[in-house]
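Coordinate analysis (summary)
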Amino acid sequence: MKAQLSALPLILAYSGFIKNKKVEQREIYLPSGTRAFHFFPLGKNPNSLPGIYIQHGMSVMGIDDPRIIDLSINFAHCNFSVILPELNEVKGLLIDPKTISHIQNLIFEIPTVKHLYNGEQFGYLSASFSGGMGLIAASRNTARSNLKSMMLIGSYCDFNDTVKFVFQNYDKDTYGVLVVLYNMFRRLSPDLNNELEHVFYEAALDNGLRRPEPLAPKLLAKTSKNAQNFFKEFESSESFRKKLGDDILGVVGDLPTQLSPFYQIKSLKSPVSLLHGADDPVISPLESGKLAQIFEMLDITYTFRTSTALTHGDSLPLHSQIFGVPALLETFGCFIDWLNA
């Protein structure tokens with residue numbers, strides 16, 4: 001119950017019940033040159049507040065994405081100093097192991113900038129692929145002692161299983177499949193990829209940006225008949241997509257191992273709060289469940305809940321998903337309590 005009470009102000013703010021939040025937002029550059037936003041309560045000194053590093057997900061809007069800004073503002077409204085750095089490769093929809101090192105460096109770098117928060121209470125929050133890569137980063141030597149608390153929303157444990165799941169769920173949400181194809185199809189069919197790479201990218205943006213007039217069909221019409229037939233079968237045939245996903249995993253080498261927390265979190269020290277949308281169409285809730293099982297075996301403090309109040313990356317109206325709210329209160333509350341301890 002204590003955790004739920006700790007998160008109540010945040011959930012009320014995030015649900016829209018609290019208006020006129022007095023929060024200051026600044027664009028800053030970290031010593032490494034990384035662009036970031038800094039949020040904190042108006043009139044308060046951020047170096048007296050706990051700090052939260054929020055890592056944005058795979059969106060071409062990067063830290064300008066209104067969803068991640070809204071989350072940051074709501075945390076700042078609740079007396080946290082929020083640092084929101086931008087990683088160019090993540091903004092560019094690239095799935096790359098170097099992101100793990102970049103997050104690791106930021107977990108180490110941000111505490112060296114003393115005026116950003118109180119220098120003692122520091123947490124990490126992210127979602128989806130950035131959440132899983134952040135978990136690996138937080139297990140590495142230079143980062144693991146800096147974090148008091150972590151929260152992962154809709155994240156993954158095994159990259160191999162996650163790729164299979166997104167291909168199985170293309171009819172529910174195309175975004176994850178298109179991002180995977182944009183990153184990995186070149187390894188399977190370089191010549192065909194030369195024609196379709198920009199189509200995969202723009203099709204992902206058609207989904208992510210909810211474009212009223214999709215661009216990808218116009219680009220596809222300019223490709224060869226062979227490319228058009230491939231894309232048509234990809235869109236229409238579930239069995240074709242399943243084989244395509246398996247074929248891609250067969251040519252990417254050890255990339256799934258490099259990107260999978262499953263193999264790399266034995267050294268993690270921070271407690272972790274896991275929240276997953278009950279009907280997440282991009283990453284299965286079973287992935288967070290696997291992480292919970294590993295934390296249990298490794299004796300890592302954690303909490304894990306699924307909720308009907310969110311899908312993947314978007315919250316649903318709380319008044320229509322009231323039964324999903326307790327999970328939000330528990331997971332955000334544990335993250336906050338561990339951070340404030």
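From a predicted model like this one, the values you see are computed outputs, not experimental measurements.

1. Digging into the environment of Gln55
Counting through the fold element by element, Gln55 comes out in strand β3 (residues 51-55). For Gln55, a relative accessible area of 2% puts it in the buried group. Distance from Gln55 to Gly131, taken between C-alpha atoms, is 7.9 Å for residues 76 residues apart in sequence. Apart from the residues lying within four places of it in its own chain, the contact partners of Gln55 are Pro85, Leu87, Ile103, Leu106, Tyr124, Leu125, Ser126 and Ser130.

2. Regarding the layout of surface pockets
Its boundaries defined by the atoms lining it, the second largest pocket holds a volume of some 170 Å³. Lining of the second largest pocket is provided by Tyr170, Thr174, Leu178, Val199, Ala203, Asp206, Asn207, Ala216, Pro217, Leu220, Phe231 and Glu235. Those elements that place two or more of their residues in the lining of the second largest pocket are α8 (190-208), α9 (216-220) and α10 (225-236). For the lining of the second largest pocket, the element with the highest residue contribution is α8, accounting for 4 residues. A breakdown of the residues in the lining of the second largest pocket according to their chemical character gives 8 nonpolar, 2 polar and 2 charged.

3. Considering the sheet that holds strand β1 (residues 23-29)
On the basis of which strands lie adjacent, the open sheet formed by 8 strands has the order β1-β2-β4-β3-β5-β6-β7-β8 and mixed pairing. Of all strands in the sheet, those bounded by a partner on one side alone are β1 and β8 (302-307). Each strand axis lies, on average, 15° off the axis of its neighbour in the sheet, ignoring direction. Pairing between strand β2 (residues 35-41) and strand β4 (residues 81-85): 4 bridges, direction antiparallel. Its bridge partner being in β4, Phe37 is matched across the sheet by Leu84. Contacts from helix α2 (residues 66-77) reach β1, β2, β3, β4 and β5 (122-127) within the one sheet, and its direction differs from that of β2 by about 35°.

About the thresholds
Residues numbered from 1 in each chain as written. Predicted model: local features only at pLDDT ≥ 70, side-chain atom pairs only at ≥ 80, totals over all residues. Heavy atoms only, no water. Helix = DSSP H or I, 4+ residues; strand = E, 2+ residues; numbered from the N terminus. Buried < 20%, exposed > 50% of the residue type's maximum accessible area, 1.4 Å probe, protein only. Contact = heavy atoms within 4.5 Å. 1 Å grid on protein atoms, 1.4 Å probe; cavity = no way out; pocket = protein on both sides within 12 Å on 5 of 7 lines; lining within 4 Å. Points joined across faces, edges and corners; volume = space filled by probe spheres on them. Nonpolar A, V, L, I, M, F, W, Y, C, P; charged D, E, K, R; others polar. Pairing = 2+ DSSP bridges. Axes fitted to C-alpha atoms, helices over the stretch in contact; angles between N-to-C directions.

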